[in-house]
Amino acid sequence: MNEYENKVILITGAGSGIGRATALLFAHHRSQVIVSDRDEVSGFETVNKIKEMGGKASFFKCDISNEKEVQELITKTIKDFDQLDYAFNNAGIEGTPAPTNECTSENWNKTISVNLTGLWLCMKYELQEMLKYKRGNIVNCSSIAGLVGFENIPAYVASKHGIIGLTKTAAIENAKNGIRINAICPGTIQTPMLSRFTKGDEQSMAKDVPMGRIGKPEEIAEAVLWLCSDKSSYMTGQAMAVDGGWTCH
Ligand SMILES: NC(=O)c1ccc[n+]([C@@H]2O[C@H](COP(=O)([O-])OP(=O)(O)OC[C@H]3O[C@@H](n4cnc5c(N)ncnc54)[C@H](O)[C@@H]3O)[C@@H](O)[C@H]2O)c1
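So, a few notes on the structure that sits alongside this text. All residue numbers here refer to positions counted from 1 along the written sequence of the relevant chain. Note on the predicted model: pLDDT of at least 70 is required for a residue's local features to be given, and 80 or more for side-chain atom pairs to be given and counted; whole-chain, interface and lining totals, by contrast, use all residues.

1. Quick look at the sheet that holds strand E1 (residues 8-12)
What counts, and what does not: Two strands form a pair only when DSSP identifies at least two bridges running between them. Under the DSSP-based scheme used, a helix requires at least four consecutive residues in state H or I and a strand at least two consecutive residues in state E, with every element numbered from the N terminus. Between N-to-C directions, angles span 0 to 180 degrees; the directions come from axes that are lines fitted to C-alpha atoms, helices contributing only their stretch in contact.
Pairing within the open sheet is parallel, and its seven strands lie in the order E3-E2-E1-E4-E5-E6-E7. If you trace the sheet from one side to the other, it starts and ends with strand E3 (56-61) and strand E7 (239-242), each paired once. Strand-to-strand, the axes of this sheet are offset by a mean angle of 20°, without reference to chain direction. Where strand E2 (residues 32-37) meets E3, six bridges bridge the pair, whose relative direction is parallel. Across the sheet, residue Ser36 finds its bridge partner in E3, namely Phe60.

This is the structure in C-alpha cells:
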C-alpha cells in the first residue's frame, strides 16, 4: 500500500491541462479523485479516463468564483467520501491580454474573482474540514507569473502573486494544525490555456526557457504529488517553481 492509496483528493479545474494530468496521476497511485470543474463535459471526460484505467473518481461541478457552489462542493465531498486528505486548487483563467492602462474593469474583476477570490474560497472551506481532523495538505496553483511580472496580463500576474501571499498566510496559521499549504509555480506548460495564450504557437515560448522546451502537464502533476507526500514533510508556505529554469534568468 502506498501513502496515496485510499486518500481523497479534490482537484479544481480537473477537466483540462494540469488539473487533468494531476487527477490521472493521483488515480494511478490509487487515490480517490474528486474531479471538479465548471465545465461538465471535460470533467466527465477526466472521470471516464480514470475509470478506464481502473481508478476511482467522481465529478462535482463547481464554479470556484461562486461561494455557494464552493461550499456545496466541500459539503458533498465530505458527505460522499467522509474525508478530505489533499486539495489541489488549480482552476484558473488567463483573462484577456492588454497592458495595464488598457485592462478593462470587467477583465480585472473576472480574473481576480476566479484566480484569487475563487482559490481563497476553496481554501476557506477545505481548511474548515481539515481542521476538524488536524491533518491535510493543500497545493495552490500559482505561476511563474506569481514570481515575476509579465507584460499585458496585469490581472493574471496580480492574482498569481496574491495566491503566494495567501499561501504563506494560511501556511503560518495552520503550521501547528497538521496542515501544510504550498504553492506551485508552473512555467510554460503545454495545455489548452497556453495554446489560447500563444494563439496556437506554444513552441514560440521555448526559446525563453533555459531547458529549451516547454513543460508537460505531467511534470507539474509529479511535483504536486511530491508536495502532498510525506517526502516534503518539513515544507510549508513555499512557492515552488517548476519551469525548466525560466525564473533563474
Ligand atoms: N499552462 C501554463 O503554461 C500555466 C503556467 C502557469 C500556471 N498555470 C496555471 O495552471 C492552472 C491550470 O491551467 P491549465 O494550463 O491547465 O489551463 P486549462 O485552461 O487547460 O484548464 C483550466 C481548467 O480550469 C477550469 N476553470 C476555469 N475557470 C473555472 C472556474 N471559475 N471554476 C471552476 N473551474 C474553472 C476550466 O474549465 C479548465 O478545465 C491555472 O491556474 C493556470 O493559471 C498554467
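2. Some points on the site of the ligand
As a reminder of what qualifies: In this analysis a residue is considered near a molecule or strand if the C-beta atom, reconstructed from its backbone, is found within 6 Å of that molecule or strand.
Around the ligand there are 30 residues in total, and Gly13, Gly17, Gly92, Thr191 and Met193 lie nearest to it. Counting residues per element, the ones that place at least two in the shell around the ligand are helix H1 (17-28), helix H4 (105-133) and helix H6 (192-197).

3. Describing the packing of helix H3 (residues 67-81) against H4
Using the following cut-off: Any angle that is under 35 degrees is reported as roughly parallel, and any over 145 degrees as roughly antiparallel; angles of 65 to 115 degrees are reported as roughly perpendicular and all others as oblique. Should the near helix be turned anticlockwise from the far one by less than a right angle, the crossing is left-handed, and should it be turned clockwise, the crossing is right-handed. For every residue pair, C-beta atoms are placed from the backbone, and the pair is scored as a contact if these atoms sit within 7 Å. Note that Gly is not counted as nonpolar here; it falls among the polar residues with everything else outside the nonpolar set of Ala, Val, Leu, Ile, Met, Phe, Trp, Tyr, Cys and Pro and the charged set of Asp, Glu, Lys and Arg.
Running from N to C, H3 and H4 point in directions that differ by 30°, and their axes come no closer than 9 Å. As the angle between them shows, H3 and H4 are arranged roughly parallel. Read as a crossing pair, H3 and H4 show a hand that is right-handed. For the pair H3 and H4, contact is made by Glu67, Val70, Gln71, Ile74 and Ile78 and by Leu121, Cys122, Tyr125, Glu126 and Glu129, respectively. Along the lines of polarity and charge, the residues of the contact of H3 with H4 split into six nonpolar, one polar and three charged.

4. Regarding the environment of Arg180
Relative to the elements of secondary structure, Arg180 occurs in strand E6 (residues 179-186). Beyond its immediate sequence surroundings of up to four residues, Arg180 is in contact with Asn137, Met235 and Thr236.

5. What about the packing of H1 against helix H7 (residues 217-228)?
Here H1 crosses H7 at 55°, and the two axes come no closer than 8 Å. Between H1 and H7, the interaxial angle falls into the category oblique. H1 and H7 meet at a crossing whose hand is right-handed. Contacts from Gly17, Ile18, Ala21, Thr22, Leu25 and Phe26 in H1 reach Pro217, Glu218, Ile220, Ala221, Glu222, Val224 and Leu225 in H7. A per-class count over the contact of H1 with H7 returns nine nonpolar, two polar and two charged.

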